[in-house]
Amino acid sequence: MFRTSKKKSRRSLIDWSLFAIGKGESRDAKVAREEREFSKAREIARCVAYKRAGGCCQRCGTRLVLQPSKARHEFEIAHAHEEPPRSKGGDPTNPRDIVILCFKCHDQVTTKKLAVVFVDPVLKADGRVEFVPKESRWREQSAGLGT
Ligand SMILES: [Zn+2]
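What you see is a predicted model; the values in this text were computed from it and never measured.

Visitor: Can you walk me through the overall build of the chain in this structure?
Guide: What the chain contains, in helices and strands, is three helices and four strands. Split into buried and exposed, the 147 residues of the chain put 19% on the buried side. The contacts in the chain between residues at least 6 apart in sequence include a share of 48% that link residues at least 24 apart.

Visitor: What's the story with the nonpolar core in this structure? I'm lost.
Guide: One recurring pattern in soluble globular proteins: nonpolar side chains tend to sit buried together. Counting 18 residues, the largest nonpolar core has Ala-49, Cys-57, Ile-98, Val-99, Ile-100, Leu-101 and Ala-125 as its most contacted members. Elements represented by at least two residues in this core include exactly helix 1 (27–52), strand 2 (98–101) and strand 3 (114–118). Sequence-distant contacts of Val-99, defined by excluding residues within four places in its chain, comprise Gln-58, His-81, Glu-83, Val-116, Ala-125 and Val-129.

Visitor: Could you clarify how one ought to interpret the confidence of the model for the chain in this entry?
Guide: As a note on interpretation, predicted positions should not be read in detail where pLDDT is low. Here the chain averages 86 in pLDDT, and 79% of its residues register 70 or above. Across the chain, strand 2 holds the top mean pLDDT of 97, while helix 3 (residues 137–144) sits lowest at 55.

Visitor: What am I meant to see in unusual backbone geometry here?
Guide: It is generally the case that most residues other than glycine have a negative phi and that most peptide bonds are trans. Glu-83 connects to Pro-84 through a cis peptide bond whose omega is 0°. Relative to the elements of secondary structure, Pro-84 occurs in the loop between strand 1 (79–82) and strand 2. Its identity as a non-glycine residue notwithstanding, Lys-112 has a phi of 65°, on the positive side. Mapped onto the fold, Lys-112 is located in the loop between helix 2 (103–110) and strand 3. Located in the positive-phi region is Lys-124, a residue other than glycine, with phi close to 50°.

Visitor: How should I be thinking about the pairing of strand 2 in this particular structure?
Guide: It is a general feature of regular strands that their side chains alternate between the two faces of the sheet. Judged by which residues are buried, strand 2 turns out to be covered on both faces: Ile-98 and Ile-100 on one side and Val-99 and Leu-101 on the other are all buried. Two strands pair when backbone bridges link them, and strand 1 and strand 2 are joined in this way by four bridges, in the antiparallel orientation. Its bridge partner lying in strand 2, Ala-80 is registered against Ile-100.

Visitor: Would you take a moment to explain the environment of Val-65 for this structure?
Guide: The topology assignment puts Val-65 in the loop between helix 1 and strand 1. Note on Val-65: 15 C-beta atoms within 10 Å, which makes it partly exposed. Once the C-alpha coordinates of Val-65 and Tyr-50 are considered, the two residues, 15 residues apart in sequence, prove to be 8.7 Å apart. Discounting chain neighbours no more than four positions away, the residues touching Val-65 are Lys-70, Ala-71, Glu-76, Ile-77 and Ala-78.

Visitor: I keep staring at helix 1 and nothing clicks. Help me out?
Guide: Along an α-helix, residues three or four positions apart point the same way, because every turn accommodates 3.6 residues. Taking 1.5 Å of rise per residue, 26 residues should cover 38 Å, and helix 1 covers 37 Å from first to last C-alpha, within 8% of that figure. All of the buried residues along helix 1 are Ala-45, Arg-46 and Ala-49. Buried residues in helix 1 make contact with strand 1 and strand 2. Directly after helix 1, the chain includes Gly-54, whose backbone phi takes a positive value near 70°.

Visitor: How should the environment of Val-99 be read in this particular structure?
Guide: Mapped onto the fold, Val-99 is located in strand 2. As a C-alpha pair, Val-99 and Pro-84 span 15 residues in sequence and 9.9 Å in three-dimensional space.

What counts as what
Residues numbered from 1 in each chain as written. Predicted model: local features only at pLDDT ≥ 70, side-chain atom pairs only at ≥ 80, totals over all residues. Helix = DSSP H or I, 4+ residues; strand = E, 2+ residues; numbered from the N terminus. Buried ≥ 20, exposed ≤ 12 C-beta atoms within 10 Å, placed from the backbone. Contact = placed C-beta atoms within 7 Å. Core = buried A, V, L, I, M, F, W, Y, C linked by C-beta atoms within 7 Å. pLDDT = per-residue confidence, 0-100. Pairing = 2+ DSSP bridges. Expected span 1.5 Å × (residues − 1).

Structure representation (structure tokens):
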């Protein structure tokens, strides 16, 4: 009366070949995968840096949100400033190379009115971060030496 294990042959709804990595992966697929992995790593580093900063701008202390969709105003969005920049050997997937800033402070840094100075060159953004006016380079250099 009761049949045991009435198995149906089900075909997978997922095309697993799309996830193929290694030998069978085309060059384009490899580039696309690496870009996805880089984006993901960058996003994780941004989240870690945001948590480390306590959700606030590391210069002025303004409370910020990570998700633009949760911001009531664009000034509330956390900006992840890469210091040093990639062109100077910075790694945007390393939270130590990311400083969380509000829109206004980020603007001051990107327009080069302010310089970001890491007091500890090893800890970088994990340690104390100072912002000095671009004119006073002697302070930037002395802070860079850890004095
Ligand atoms: Zn700020």
